[in-house]
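Notes for the structure review
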Amino acid sequence: MSTIHFHQTTTLTPEQYVAGLTDFGPDRSKLFANSADEYLKVHQLGRTEADVTEGSGGIWERLHYDWSDPNHVVLTTTDSNLWGGASGHTYNFTRQANGTTDIDVDVIREGKNLKDSCSA
């Protein structure tokens, strides 16, 4: 299992970032390059959660999005052609006094089989 951590500071508010993250409309790939429009399928969309399949380049995953806490968004992989186990993404937002927002993202990747685990 691999964990990748990203940190970024932005002028967006957490609400603005989450609005983009949870916009499953056409042209999603313009915001998220790893979400090609032809892979995108929204299975269920609620007020603070969604069940979505997305991917690109032959890799896809079905994710349960939970943004019920606007400062802590969790994407849990429920199915994939490559990822299994505890795979997913976690976004944590921290508002700063100067009006910026710190974003910390953890991406967890656990391959479905030994070959995938070694190449992750």
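Since the model is a prediction, treat every value here as computed from it, not as a measurement.

1. Topic: the sheet that holds strand β3 (residues 49-56)
Spatial ordering of the open sheet is given by β1-β7-β6-β5-β4-β3-β2, a layout of seven strands whose pairing is antiparallel. Edge positions in the sheet fall to β1 (2-10) and β2 (41-45), since each has one partner strand and no second. Across the sheet, the mean angle from the axis of one strand to that of its neighbour is 20°, orientation sign disregarded. Two elements, strand β4 (residues 59-69) and strand β5 (residues 72-80), share seven bridges in a ladder whose sense is antiparallel. Looking at the pairing, L63 lines up with T77 of β5. Sheet strands touched by helix α1 (residues 14-21): β4, β5, β6 (88-95) and β7 (101-109). Its angle to β6, the strand with the most contacts, is close to 155°.

2. Notes on the packing of aromatic side chains
For the structure shown, the criterion picks out four aromatic pairs. A ring pair is formed by Y17 and F93, whose centres lie 5.5 Å apart and whose planes are at 55°; its orientation type is tilted. Here F93 lies in strand β6 and Y17 lies in helix α1, a separation of 76 residues in the sequence. A residue is classified by how much of its surface remains accessible, and Y17, at 23% relative accessible area, is partly exposed. Ring centres 6.4 Å apart and planes at 15° place the aromatic pair Y91 and F93 in the stacked group. The same class applies to Y91 as to F93, namely buried. Ring pairs connect the aromatic residues Y17, Y91 and F93, which therefore count as one cluster.

Analysis parameters
- All chains use their own residue numbering, which begins from 1 and follows the written sequence.
- Only residues with pLDDT of at least 70 get local features here, since the model is predicted, and only at 80 or more are side-chain atom pairs given and counted; chain-wide, interface and lining totals rely on the full set of residues.
- To get the side-chain values, all heavy atoms of the structure are used, and hydrogens and water are removed first.
- Strand pairing follows a simple DSSP-based rule, namely that at least 2 bridges must link the two strands.
- Segments assigned H or I by DSSP are reported as helices when at least four residues long, segments assigned E as strands when at least two residues long, and all are numbered from the N terminus.
- As a rule, the C-alpha atoms of each element are fitted with a line to give its axis, helices using only the stretch in contact, and angles between N-to-C directions run from 0 to 180 degrees.
- Contacts between residues were defined by any pair of non-hydrogen atoms, one from each residue, lying within 4.5 Å.
- A pair of Phe, Tyr and Trp rings is counted when the ring centres sit within 6.5 Å of each other, with Trp represented by its six-membered ring. The angle between the planes then sorts it: under 30 degrees is stacked, over 60 is edge-to-face, the rest tilted.
- Summary of the burial criterion: residues with accessible area below 20% of their type's maximum are buried, those above 50% are exposed, and those between are partly exposed, where the area comes from a 1.4 Å probe applied to protein chains only.

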